[in-house]
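So the chains spell out like this:
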Protein chains: 2
Amino acid sequence: MSIITAVETFDVRFPTSKHLDGSDAMNADPDYSAAYLRIITDAADGHEGHGFVFTIGRGNDVETAAINALKGHVIGRNTEELLDDMGATWRLFVHDSQLRWLGPEKGVMHMAIGAVVNALWDLKAKRAGLPLWQLLGRMTPEELVNLIDFRYLTDALTPEEALEIFRKAEPGRRQREEELLTVGYPAYTTTPGWLGYSDEKLARLCREAVKDGFQQIKLKVGGDLEDDRRRLKIARETVGPDIRIAVDANQRWDVAEAISWMKELAEFDVAWIEEPTSPDDVLGHAAISRGVAPIPVATGEHVQNRVIFKQMLQADALQVLQIDAARVAGVNENIAILLLAAKFNVPVCPHAGGVGLCEAVQHLSMFDFVAVSGTLERRMIEFVDHLHEHFITPIDVRQGRYWPPLAQGAGAEMHLASLQEFSYPGGPAWMPETVAIAG
Amino acid sequence: MSIITAVETFDVRFPTSKHLDGSDAMNADPDYSAAYLRIITDAADGHEGHGFVFTIGRGNDVETAAINALKGHVIGRNTEELLDDMGATWRLFVHDSQLRWLGPEKGVMHMAIGAVVNALWDLKAKRAGLPLWQLLGRMTPEELVNLIDFRYLTDALTPEEALEIFRKAEPGRRQREEELLTVGYPAYTTTPGWLGYSDEKLARLCREAVKDGFQQIKLKVGGDLEDDRRRLKIARETVGPDIRIAVDANQRWDVAEAISWMKELAEFDVAWIEEPTSPDDVLGHAAISRGVAPIPVATGEHVQNRVIFKQMLQADALQVLQIDAARVAGVNENIAILLLAAKFNVPVCPHAGGVGLCEAVQHLSMFDFVAVSGTLERRMIEFVDHLHEHFITPIDVRQGRYWPPLAQGAGAEMHLASLQEFSYPGGPAWMPETVAIAG
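Quick notes on the rules
- For every chain, the first residue of the written sequence is number 1, and numbering continues from 1 onward in sequence order.
- Just so you know, chain letters begin at A and ligand numbers begin at 1, following the order they were written in.
- Where local features are concerned, this predicted model is filtered to residues with pLDDT of at least 70; where side-chain atom pairs are given and counted, the filter is 80 or more; whole-chain, interface and lining totals use all residues.
- For side-chain calculations, the full set of non-hydrogen atoms in the structure is used, while hydrogens and water are omitted.
- Any two strands with at least two DSSP bridges between them are considered paired.
- Strands are runs of DSSP state E lasting at least 2 residues, helices are runs of H or I lasting at least 4, and numbering of each runs from the N terminus.
- Note on method: axes are straight lines fitted to C-alpha atoms, helices fitted across the in-contact stretch only, with angles between N-to-C directions ranging 0 to 180 degrees.
- In what follows, a contact means two residues having at least one pair of non-hydrogen atoms within 4.5 Å.
- Copy-to-copy alignment: least squares on C-alpha atoms, limited to residues at pLDDT 70 or above in both.
- Nonpolar cores are built from buried Ala, Val, Leu, Ile, Met, Phe, Trp, Tyr and Cys residues. Side-chain atoms within 4.5 Å join them into one set.
- Only protein chains enter the accessibility calculation, which uses a 1.4 Å probe. A residue is then buried if its area is under 20% of the maximum for its type, exposed if over 50%, and partly exposed in between.
- It is the directions from the helix axis to the C-beta atoms that the arc portrays.
- UniProt positions are given in the numbering used here, feature names are shortened, and annotations may be inferred rather than shown by experiment.
- Take the accessible area each of two parts loses on contact, using a 1.4 Å probe, and add the two losses: that sum is the buried area.
- Note on definitions: salt bridges are taken to be side-chain nitrogens of Lys or Arg within 4 Å of carboxyl oxygens of Asp or Glu.
- Under this definition, polar contacts are N or O atom pairs within 3.5 Å; protein pairs additionally need one hydrogen-donor-capable and one acceptor-capable atom, and for neighbouring residues in sequence, both atoms have to be side-chain atoms.
- Ten residues, namely Ala, Val, Leu, Ile, Met, Phe, Trp, Tyr, Cys and Pro, are considered nonpolar, four, namely Asp, Glu, Lys and Arg, are considered charged, and the remaining ones, Gly among them, are considered polar.
- We call Phe, Tyr and Trp rings a pair once their centres come within 6.5 Å, taking the six-membered ring for Trp, and we label the pair stacked below 30 degrees between planes, edge-to-face above 60, and tilted otherwise.
- As a reminder, the over-ring test applies to NZ of lysine and CZ of arginine, requiring each to be within 6 Å of the ring centre and within 35 degrees of the ring normal.
- The handedness of a crossover follows from its direction of travel: if, with the strands pointing away from the viewer, the path from the first strand over the helix to the second runs clockwise, the crossover is right-handed.
- The cut-offs work like this: below 35 degrees is roughly parallel, past 145 is roughly antiparallel, 65 to 115 is roughly perpendicular, and the gaps in between are oblique.
- In this scheme the handedness of a crossing depends on how the near helix is turned from the far one: anticlockwise by less than a right angle means left-handed, clockwise means right-handed.
- Helices are assigned an expected span. That span is 1.5 Å times one less than the residue count.

Asks: Tell me about the sheet that holds strand β3 (residues 48-55) of chain A, and name the residues and values.
Replies: Residues and elements named next belong to chain A. Reading across the sheet, the three strands line up as β1-β2-β3 and stay open at both edges, with antiparallel pairing between neighbours. If you trace the sheet from one side to the other, it starts and ends with β1 (4-13) and β3, each paired once. The sheet shows a mean angle of 15° between the axes of neighbouring strands, taken without regard to direction. Here nine bridges tie β1 to strand β2 (residues 33-41), and the two strands are oriented antiparallel to one another. In the sheet register, Phe 10 faces β2, and the bridge partner there is Tyr 36. The strands touched by helix α1 (residues 60-69) within the sheet are β1, β2 and β3, with β1 carrying the most contacts at an inclination of about 175°.

Following this line, the structure appears as structure tokens:
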């Protein structure tokens, strides 16, 4: 038996706005950041659990405060009790009768819960000596169903249906684990497409993406229609007709504008339109889906929880579902969302990029392939080439594919040196002279 | 010209859990709390702007941190510039490209924005020497339209339609102001109905409610069906057939359960079923509305923003719309919601209670009557008899009606002595010996 003795939090920010990495129609100048925690126990194995919320700068302190507000549920607790019943542990946080008022199940508090839940999964996977995707992919269907809170889901997905989905995928699990190790998991890249980049940089990065083996790229749109047409033309001419090009409006439009704008971009053979409008607008996405068909609508990086995803699927409001490792309440809720997607036969193509999102979300997609959907068809994980060097186990993306992580844990552990260097506002990276030089 | 020189924040909590005031099927033991701020300028008039987020205890520190994260948009700014264009000021906060990631427009950060926006409205009303409801009710239709951000709304409500609603109500404004002063605004009371109360206390409070002139009471349900039936029977027998009885499940049910449970309560002639399920579930509320008709479905105290309200109206998911003064991003967003309700011809019956919610929201309902819907029909404001003594201008509820506040400002200003006494965790009310005595 061991006890959780400490939860340390870090407000870590990278001055990415200096180079307009990550710039799009809504996010002009992000400083990619992480409200980060590590969970420490008194166990002899020395394992720690690490997790984070991704933010884009201001407000990272608020997320850190939210993680701190959860410490009372963790510090002093029996580690095994928490890790052995992760379904109950999830409910402990999400159903806190007072904290619930701050959501419920959305925004700052829900993301903080996600970070703590994911840190506990990291610890659990390290103790098992397995990468998270394998740990999950080897749990029994019954154990997996027990992770999920079906409250508010039963009109779309019952525990019995979830069990059936897991059981149906069970026979091929071992074979698909092998397949992943042999062929990897498909990736697509957003690296070329940020709005702040010049046409020359766009074309160069498009060429590199093709050379690197990616079958799909993604461009940011929604700032200016003529700019979008010019940039899509450059991209299409550069990559040729066989590489898919998705576009991403980052919530810039209202319903009618989304439909009319996309009509102007359709000639460039668009693979999907991502985040055309508010992530809260189920009915709006459904109207846009009807209006831009056959172009699929993709969304999810800002979808707050499983209740909105449920409705998006019920209303045929999205045709590509984009989970995010650090938006909802962690691994448990993302498994519920993977099940909903499987039930409605909608492919999951995770949002990634930022800080550590690629490292974290790959485990969920690989688990999905092994134990839920059982297919790679129409599936791929976003790849952005940012900030991976700060992670102890950075992603391995080659030939346009994610190669399965084999290190134990959930993948989100950063180097202590990075946590210190980019600590905000006191770290060396944020000293006045350093920021001025970076600029 | 003046400058905003300081924004002070307070974490204020009242140990209400000691008496099970406010207990319902989801909120077992709330400590009613406020993340409170006051805005100070260097103007000679000495006016301050006060505002708050209501919470139920834990997490009030997180809300306070979120308000602090907004200080950079306020301190050092020209006061008149902010107050003269409150539409632009609202967008300044809500469209902050980095803070937006924490929502967007929901949860902790959005509520914090609401508190700051409301504090600025308080300051603006004090400077005008008017209560907020009169300040708003005397602005021109064009000025009112300029307060609203129509992003994500235009598929349901355009600026032109909003202008038309305001213009249509304009001729009768003065007369309706007079009417309010003469007859007040209808109220209903939730005081009798908390789950934690004994049957005897329930009956006694029901009798008192009738004696006090209320035409509607509300009971909490959703904990246990037999308890609900027993309590409803007591309430109905006590108040007689002419007093309306609404019930409130505080999000306890899934869709099917809501419908079947309500069938068991229908015989008691229920005025509405409030919060039957997740406040995020537009399609769920629509299904419940169809399933329990003709009982109206009411919701809103946890509806995160205008985008969800828009869909609730589009889908006929609610028949009673419950705004809350401290959930969305303040006065501006609530005006947008009042307009949506008017467009869809749905009555607005605000959520109140907690700390200061009655004081704040009455201004919005009275403004709605004067300048938006123009009617009191099917409208009433919730009343709960808690904690009003801490406010400089407490509500005046008599004969089952809210009597219009005439003091300048938005009504949310607390006594400094209360802010100090209930300051958490350092205030006298939270000293160990005090809490023990209160228990």
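Asks: I'd like to hear about the relation of the copies chain A and chain B, residue by residue, with values.
Replies: For the pair chain A and chain B, the relating rotation is 180°, the translation along its axis is 0.0 Å, and the fit reaches an RMSD of 0.0 Å. With respect to symmetry, the two chain copies, as superposed, fit the operation of a two-fold axis. Relative to the rotation axis, the C-alpha of Gly 107 of chain A is the closest in chain A, positioned 2.4 Å from it. Most of the interface of chain A is mirrored in chain B: 100% of its interface residues are interface residues there too.

Asks: Report on the nonpolar core, specifying residues and quantitative values.
Replies: Membership of the largest hydrophobic core comes to 302 residues, with the highest contact counts inside it found for Trp 121, Leu 321 and Tyr 402 of chain A together with Trp 121, Leu 321 and Tyr 402 of chain B. When sequence neighbours within four positions are dropped, the list of residues in contact with Trp 121 of chain A reads Met 86, Leu 132, Leu 135, Leu 136, Met 139, Leu 147, Val 331 and Asn 332 of chain A.

Asks: Give a description of helix α8 (residues 173-183) of chain A that names residues and reports values.
Replies: All names here are of chain A. For α8, the set of buried residues is Arg 173, Arg 176, Glu 177 and Leu 180. One side of α8 holds all its buried residues, which, seen down the axis, span an arc of 110°. Those residues of α8 that are exposed and aimed more than 90 degrees away from the buried face are Arg 174, Gln 175 and Thr 182. Of the surrounding elements, those touching the buried residues of α8 are α5 (132-137), α6 (141-145), α7 (159-169), β4 (185-193) and α15 (357-372).

Asks: Please provide a residue-by-residue account of the UniProt feature "domain: Mandelate racemase/muconate lactonizing enzyme C-terminal" (unreviewed entry) in chain A, values included.
Replies: With numbering matched to this structure, UniProt assigns "domain: Mandelate racemase/muconate lactonizing enzyme C-terminal" (unreviewed entry) to residues 199-295 of chain A. Taken end to end, residues 199-295 of chain A is 52% helix and 15% strand, and its two terminal C-alpha atoms sit 25 Å from one another.

Asks: Describe the interface of chain A and chain B, and please don't skip the residues or the numbers.
Replies: On the side of chain B, 62 residues touch chain A, which itself brings 62 residues to the contact. Of the roughly 5,100 Å² buried between chain A and chain B on both sides combined, carbon and sulfur atoms contribute 53%. Its largest share of buried area at the contact with chain B, chain A owes to Arg 58, Gln 98 and Trp 101 of chain A, together 18% of the area lost on that side. At the junction of chain A and chain B, the tally comes to six salt bridges. We note a salt bridge from Asp 96 of chain B to Arg 58 of chain A, for which the minimum N-O separation is 3.0 Å. For the pair chain A and chain B, the interface holds 37 residue pairs in polar contact (both at pLDDT 80 or more). Those elements that provide at least two residues to the side of chain A that touches chain B are β3, α1, α4 (107-128), α12 (282-292) and α13 (306-314) of chain A. With six residues, the top contributor of residues to the side of chain A that touches chain B is α1 of chain A. Class assignment of the residues belonging to the side of chain A that touches chain B gives a composition of 27 nonpolar, 18 polar and 17 charged.

Asks: Before we move on, can you summarise the sheet that holds strand β2 (residues 33-41) of chain B with the specific residues and values?
Replies: Residues and elements named next belong to chain B. Taken together, three strands build an open sheet; the order of strands is β1-β2-β3 and the sheet is antiparallel. Since the sheet does not close on itself, it has two edges, and those belong to β1 (4-13) and β3 (48-55), each with one partner. Across the sheet, the mean angle from the axis of one strand to that of its neighbour is 15°, orientation sign disregarded. Lying on the sheet, helix α4 (residues 107-128) is in contact with β1, β2 and β3; it crosses β3 at an angle near 150°.

Asks: Run through the packing of α8 of chain A against α15 of chain A, naming residues and quoting values.
Replies: Residues and elements named next belong to chain A. One can describe the packing of α8 onto α15 by two numbers: an axis separation of 8 Å at closest approach and a directional angle of 145°. Here Arg 173, Arg 176, Glu 177, Glu 179 and Leu 180 of α8 come into contact with α15, specifically with Met 366, Phe 369, Val 370 and Ala 371. The residue inventory of the contact of α8 with α15, partitioned by class, reads five nonpolar, no polar and four charged.

Asks: Kindly report on the packing of aromatic side chains, identifying the contributing residues and their values.
Replies: Geometrically, a pair of aromatic rings is defined through the distance of the ring centres and the angle of the planes. Evaluated as defined, the whole model comprises 16 aromatic pairs over all chains. With a centroid separation of 5.2 Å and an interplanar angle of 75°, the aromatic rings of Tyr 32 of chain A and Phe 54 of chain A are classed as edge-to-face. A residue pair is termed long-range when its members are at least 10 positions apart, and Tyr 32 of chain A in the loop between β1 and β2 and Phe 54 of chain A in strand β3 qualify at 22 residues. One exposure class covers both Tyr 32 of chain A and Phe 54 of chain A, and it is buried. Their ring planes at 10° and their centres at 5.6 Å tell us that Phe 214 of chain A and Phe 383 of chain A sit as a pair that is stacked. Separated by 169 residues along the polypeptide, Phe 214 of chain A in the loop between α9 (199-211) and β5 (216-220) and Phe 383 of chain A in strand β10 (residues 381-383) bring together distant segments of the chain. By the burial criterion, Phe 214 of chain A is buried, and Phe 383 of chain A matches it. Three or more aromatic residues joined by ring pairs make a cluster, and in this case those are Tyr 32 and Phe 54 of chain A together with Trp 101 of chain B. Its end group placed over the ring of Tyr 152 of chain A, Arg 151 of chain A keeps NZ or CZ at 6.0 Å from the ring centre. Here the guanidinium or amino end of Lys 343 of chain A rests over the ring plane of Phe 344 of chain A, the centre of that ring lying 5.7 Å away.

Asks: How would you sum up the pairing of strand β5 (residues 216-220) of chain B? Please name residues and give values.
Replies: Residue and element names in this part refer to chain B. Extensive coverage of β5 is indicated by the burial of five of its five residues. Neither face of β5 is left uncovered, since the one carrying Gln 216, Lys 218 and Lys 220 and the one carrying Ile 217 and Leu 219 both have all their residues buried. In the sheet, strand β4 (residues 185-193) pairs with β5 via two bridges, with the strands oriented parallel. Bridge assignment links Gly 193 to a residue of β5, and that residue is Leu 219. In terms of handedness, the path from β4 via helix α9 (residues 199-211) over to β5 forms a crossover that is right-handed. Examined bridge by bridge, β5 and strand β6 (residues 244-248) share five bridges and lie parallel to one another. Across the sheet, the residue bridging to Gln 216 is Arg 244, located in β6.

Asks: Give a description of the packing of helix α11 (residues 255-265) of chain A against α12 of chain A that names residues and reports values.
Replies: Residues and elements named next belong to chain A. It is at 9 Å that the axes of α11 and α12 come closest, and there the two elements cross at 25°. Between α11 and α12, the interaxial angle falls into the category roughly parallel. For α11 against α12, the interelement crossing comes out right-handed. For the pair formed by α11 and α12, the contact residues are Val 255, Ala 258, Ile 259, Met 262 and Lys 263 on the first element and Gly 284, Ala 287, Ile 288, Gly 291 and Val 292 on the second. Classifying every residue of the contact of α11 with α12 gives seven nonpolar, two polar and one charged.

Asks: Explain α4 of chain A residue by residue, including any values.
Replies: Residues and elements named next belong to chain A. In this model, α4 (22 residues) spans 31 Å end to end at C-alpha, consistent with the 32 Å of a helix rising 1.5 Å per residue. Counting buried positions along α4 gives 20 out of 22 residues, so the element sits mostly inside the fold. At the C-terminal side of α4, Gly 129 shows a positive phi close to 70°.

Asks: Any chance you could break down the environment of Lys 126 of chain A for me, citing the residues and the numbers?
Replies: Residue and element names in this part refer to chain A. Note on placement: Lys 126 falls in helix α4. According to the relative accessible area criterion, Lys 126 is buried, its value standing at 8%. Distance from Lys 126 to Tyr 197, taken between C-alpha atoms, is 40 Å for residues 71 residues apart in sequence. A polar atom in the side chain of Lys 126 sits 2.8 Å from the backbone oxygen of Glu 48. Within polar-contact distance, the side chain of Lys 126 engages the side chain of Glu 413 at 2.6 Å.

Asks: Run through the pattern of salt bridges, naming residues and quoting values.
Replies: All names here are of chain B. Using the criterion set out here, one finds 58 salt bridges over all chains in the structure. Measuring nitrogen to oxygen at the nearest pair gives 2.9 Å for the salt bridge that ties Asp 227 to Arg 230. One end of the pair, Asp 227, and the other, Arg 230, are both in helix α10 (residues 225-239), three residues apart, so they sit about a helical turn from each other. A relative accessible area of 36% means that Arg 230 is categorised as partly exposed.

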